[in-house]
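Chains, contacts and geometry: an overview
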Amino acid sequence: MMAFMWNLALAMIWVVLTGSFTGYNFLAGLIFGYMVLAVMQRHVPLLHGYTSRFPRLLRFIVFFFVELTKANFKVAFDVVTPIWYMRPGVIAMPLQAKTDMEITMVANLISLTPGTLTLDVSDDRRVLFIHAMFMENEEELLKELKEMERRALEILR
């Protein structure tokens, strides 16, 4: 997080020094700041791993939008067809997330996906209870949810 703040600071310095207060110039400052931090990360321990997070973030965004699109089409198909294909149920998902922020992020990502809703977290914070609209294959659903958790944790850690 601190490296990102340095990136923002470098972008602001870029904007001030160029005298052009536009969004494109700020984006250019972010890119130049990112490149500077990429060069410096070997020498400054605080910056270690910063440049590898951005590509992972982009991959996660693409992954999440693909999952979001598939879930939207699945729910929309069930709504517009006269026969209901849903098999609702509750599933318990063991968590790899440990901190409150990680658990909250995973729970919110699951709830954002149509057809799934996070209900509760166990008292020991090791299990997440999820209501799913389509429970025809519990193992497959659990595998998809664990993949989402793994990719989210890849960004946060």
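See the structure shown above.
Below, the structure is looked at part by part. It should be emphasised that the depicted structure is a prediction, and the values quoted were computed from it without experimental measurement.

1. A closer look at the side chain of serine 122
With respect to the secondary-structure elements, serine 122 resides in the loop between β2 (116-121) and β3 (127-132). At 2.5 Å, the side chain of serine 122 and the side chain of aspartate 124 are in polar contact.

2. As for helix α5 (residues 138-156)
Over its 19 residues, α5 runs 27 Å from end to end, which matches the ideal 27 Å to within 8%, given 1.5 Å per residue. Every buried residue of α5 is listed here: Leu141, Leu145, Met148, Glu149, Ala152, Leu153 and Ile155. Viewed along the axis of α5, the buried residues span an arc of 155°, placing them on a single side of the element. Exposed side of α5, more than 90 degrees from the buried face: Glu139 and Lys143 are the residues found there. Each element contacted by the buried residues of α5 is listed here: α3 (50-80), β1 (89-94), α4 (100-112) and β3.

3. Some points on the packing of α4 against α5
At a minimum axis separation of 10 Å, α4 and α5 run at an interaxial angle of 135°. Between α4 and α5, the crossing angle belongs to the class labelled oblique. Read as a crossing pair, α4 and α5 show a hand that is right-handed. Counted together, Met101, Glu102, Met105, Val106, Leu109 and Ile110 of α4 and Leu145, Met148, Glu149, Ala152, Leu153 and Leu156 of α5 form the full contact between these two elements.

4. Let's talk about the environment of threonine 18
Following the sequence through the fold, threonine 18 ends up in helix α1 (residues 2-18). Taking relative accessible area as the criterion, threonine 18 reaches 38% and is therefore assigned partly exposed. Each C-alpha atom of the pair threonine 18 and glycine 29 lies 9.7 Å from the other, and the pair is 11 residues apart in sequence. In terms of polar contacts, threonine 18 uses its side chain to reach the backbone carbonyl oxygen of valine 15, at 3.2 Å.

Definitions and cut-offs
Residues numbered from 1 in each chain as written. Predicted model: local features only at pLDDT ≥ 70, side-chain atom pairs only at ≥ 80, totals over all residues. Heavy atoms only, no water. Helix = DSSP H or I, 4+ residues; strand = E, 2+ residues; numbered from the N terminus. Polar contact = N/O pair within 3.5 Å; in protein donor to acceptor, adjacent residues only side chain to side chain. Expected span 1.5 Å × (residues − 1). Buried < 20%, exposed > 50% of the residue type's maximum accessible area, 1.4 Å probe, protein only. Arc of directions from axis to C-beta. Contact = heavy atoms within 4.5 Å. Axes fitted to C-alpha atoms, helices over the stretch in contact; angles between N-to-C directions. Parallel < 35°, antiparallel > 145°, perpendicular 65-115°, else oblique. Left-handed = near helix turned anticlockwise from the far one by under 90°.

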